[in-house]
Each structure stands twice: as C-alpha cells, then as structure tokens.
Amino acid sequence: MNVKKVFVVGAGFMGSGIVENVAAKGLQAVAYDISQAQLDKSKKGITKNLERLAAKGKIQESDKDATLSRIEYVTDISACKDADVVIEAVAENKDLKISIMREIEKYAKEEAVIASNTSSISITSLGSVFKNPERFVGMHFFSPVPRMPLMEIVRGYQTGDEALSIAKDLGEFLGKACIIAKDEAGFIVNRMLLPMLNEACFLVERGIGTIEEIDTGCKMGLNHPMGPLELMDMIGIDVELAVMEVLHEEIGDPKYRPAVSLRRMVDSGFLGKKAGIGFYVYHEDGTKTPNPKLLKLR
Ligand SMILES: NC(=O)c1ccc[n+]([C@@H]2O[C@H](COP(=O)([O-])OP(=O)(O)OC[C@H]3O[C@@H](n4cnc5c(N)ncnc54)[C@H](O)[C@@H]3O)[C@@H](O)[C@H]2O)c1
C-alpha cells in the first residue's frame, strides 16, 4: 500500500476515531477542524483511549507514544497538500460537505484520493463537485472506529477503479473487512439499521416499554451488544435525524419518516453521549440513567 499520510477533515467523534486508527497502524495522520477547542478535545480523547489500552496491557507504552507522535492537529485545510488520502468527516450536511470538497480540491495533490465518511449522502452528488470525480469514493467507518471491524466502501457513479482500490487497501490496512456498497441512501448497513432505530423512537413515544426495557429487549432478545437507544446516544441524535431525513427524502417511502421525538430531542439539545444527555443522562462517574424529561412523556 502506497498511502503514507491521511488527512481527516473534522475532528469530532468519527474524525478522532479515524485519526487514532490511522496513527495506531503506523501511518501519519492529520486532524483538521475549524474549532481549536474541538481539536483539543480530540487530542485529549485519543490520548485517554491509548492510555487506557496501555494500562490494560493491550499495547506497549512505547506504542502509545509512537501513535501520538504520528498525529498532527491543524486548523489550516491547506495542510492537506501532501496527504495521499483525504477523508471528510464533518457533520451530515450536504451543503457543508460540498463547501469542504471545494476547499479540499484547491489544495490536495492531484493524485490524492478524496473520501467521505458520510452515512447517507450520495457519493455521486458529492463527487460531482470535483473536476475529476473519479478520485472520489465513500469510506464509511463505524463507531467506535478503532474497534469496529467493518468499512463500507461506496462506489459513486463516477468513482474510478483506482480510487476504489486505494480505499479498499487502506481499509484493510486499518484492520477492516471491506464491503462494497452501491450509492443508494443509507448504503448497506444504515439502510437496515436506521429504520430499526427509528422504530425504537416510536416505542419510546408510545410508552410501549421504558427506555431501559427497550434496550434490554434488544440486548437479551436479539443478542445485540447495545440497545437501540444506547446506540443512538453513542452515534448522536443529530446524526440519526440527519440520516433519517436523507433516507426519507431519497427513497420517499413513508416508512423512513423520522420519528417526531428525534426532532424534539435535537431541538432540546438532547444530542446523546457527546452532549451528556440523550435517551440517557451521562454522569461524571461513568454511570447513566434514563433522561427524566423523556420519562415524563409516558
Ligand atoms: N456518529 C457516528 O456513529 C457515525 C458513524 C458513521 C459515519 N458518521 C458520519 O461521520 C460524519 C461526522 O459525524 P460525527 O458523529 O463525527 O460528528 P461530530 O459532530 O462529532 O463532528 C463533526 C466535526 O466537524 C467539525 N466541523 C464542522 N464544520 C467544519 C468545517 N467547516 N471545517 C472543518 N471541520 C468542521 C466540527 O467542529 C466537529 O468537530 C457525518 O457525516 C456522519 O454521518 C457518523
């Protein structure tokens, strides 16, 4: 594999995970964000994750230091100029992503592959921004990135074979099993997962079970490692809503209509774990309890 340096746009939940994964595997990683505070948070989070792994004996202390030394944090997007692959991981908003693509195109070297980690937005439509859309591909990681073993590679209508193959080689190098998805809303995994998560919101709205019962039902009855409400909190309620909106708009079928509670939760700032409150309230000591405001709706 010829990729030596990966530039990640957006150092939020996913971007930080991608940067950690890339650096842990021995490649140079650059985290770019418009917010210095977000970069500081990203650095702190990655350091904490690696310290935890070292304390558990899963990696050596020297591996931790070497991984950290391979990561650069920048607020200047022109620093992508010597990256072999640029991966965009900003919020799930098409206009924002398009404006980012235009910026990347200005500075990235011509032979660099550009990828998006979008969960649902058409790779073909984002790729159409580029003079050479063949260089653009979807690289859809799963959270938490360093631990999840799958990557969906999305081929847009104009994605070239070379970009697809570089994305796949990089995915495999990062330890992922790669599946290739056609460019339809939600691709493979979110097309199955999101309607289920949305349905869990309807169960909450209708009081069919408590927050904990719904999660327990999924964990014990379906053998899922996390319940749907815990999972939505981890992914981010704003991300969930944005992805459901794309599914609904693109596919048109009313079965993809986002649950009203998703909108109300976003309006209330109940964005999930990253905000400290979603379906659950996350406490300093690492425990969580159901969000009392949602309980009152029953
Ligand atoms: N959350 C998940 O589990 C998950 C899983 C797979 C894919 N995704 C996708 O990954 C992408 C990012 O999601 P996330 O959960 O990491 O979101 P997030 O809100 O945690 O992070 C987004 C980051 O983008 C930054 N940003 C916003 N505007 C920017 C700009 N103009 N330039 C540079 N940085 C900018 C923000 O400061 C923030 O740090 C979305 O497309 C989402 O659909 C998310």
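Caption draft 1: Local environment of the site of the ligand. For the ligand, the set of nearby residues contains 25 residues, the closest of which are Met14, Asp33, Glu92, Lys97 and Ser119. Within the backbone of Gly12, one N or O atom sits 3.3 Å away from an oxygen atom of the ligand. Here an oxygen atom of the ligand sits 2.7 Å away from a polar atom, N or O, in the side chain of Asp33. Elements represented by at least two residues in the shell around the ligand include exactly α1 (13-24), α4 (94-107) and β6 (136-141). Here the element with the most residues in the shell around the ligand is α4; it accounts for three residues. Taken together, the residues of the shell around the ligand sort by class into 13 nonpolar, eight polar and four charged.

Caption draft 2: A look at α1. Between the first and last C-alpha of α1 there are 17 Å, a value that for twelve residues agrees with the 16 Å anticipated at 1.5 Å per step. Buried residues dominate α1, accounting for ten of its twelve residues. Those residues of α1 not exposed but buried are Met14, Gly15, Ser16, Gly17, Ile18, Val19, Glu20, Asn21, Val22 and Ala23. Of the residues flanking the end of α1, it is Gly26, one or two places downstream, whose phi is positive at about 100°.

Caption draft 3: Geometry of the environment of Met151. Position of Met151 relative to the elements: it lies in strand β7 (residues 150-155). Taking the C-alpha atoms as reference, Met151 lies 20 Å from Met196; in sequence the two are 45 residues apart. In this structure, Met151 is in contact with Met139, His140, Phe141, Phe142, Ala167, Gly171, Lys176, Ala177, Cys178 and Ile179, ignoring residues within four places of it in sequence.

Caption draft 4: Highlighting the pairing of strand β1 (residues 5-9). Along β1, five of the five residues are buried, which leaves the element largely enclosed by surrounding structure. Alternating residues of β1 divide into Lys5, Phe7 and Val9 and Val6 and Val8, and every residue in both groups is buried. Two elements, β1 and strand β2 (residues 28-32), share five bridges in a ladder whose sense is parallel. Within the sheet, the bridge partner assigned to Val8 lies in β2 and is Ala31.

Rules used in this analysis
- Residues numbered from 1 in each chain as written.
- Predicted model: local features only at pLDDT ≥ 70, side-chain atom pairs only at ≥ 80, totals over all residues.
- Heavy atoms only, no water.
- Near = heavy atom within 4 Å.
- Polar contact = N/O pair within 3.5 Å; in protein donor to acceptor, adjacent residues only side chain to side chain.
- Helix = DSSP H or I, 4+ residues; strand = E, 2+ residues; numbered from the N terminus.
- Nonpolar A, V, L, I, M, F, W, Y, C, P; charged D, E, K, R; others polar.
- Expected span 1.5 Å × (residues − 1).
- Buried < 20%, exposed > 50% of the residue type's maximum accessible area, 1.4 Å probe, protein only.
- Contact = heavy atoms within 4.5 Å.
- Pairing = 2+ DSSP bridges.

None of the figures reported here should be taken as evidence of function without further support.
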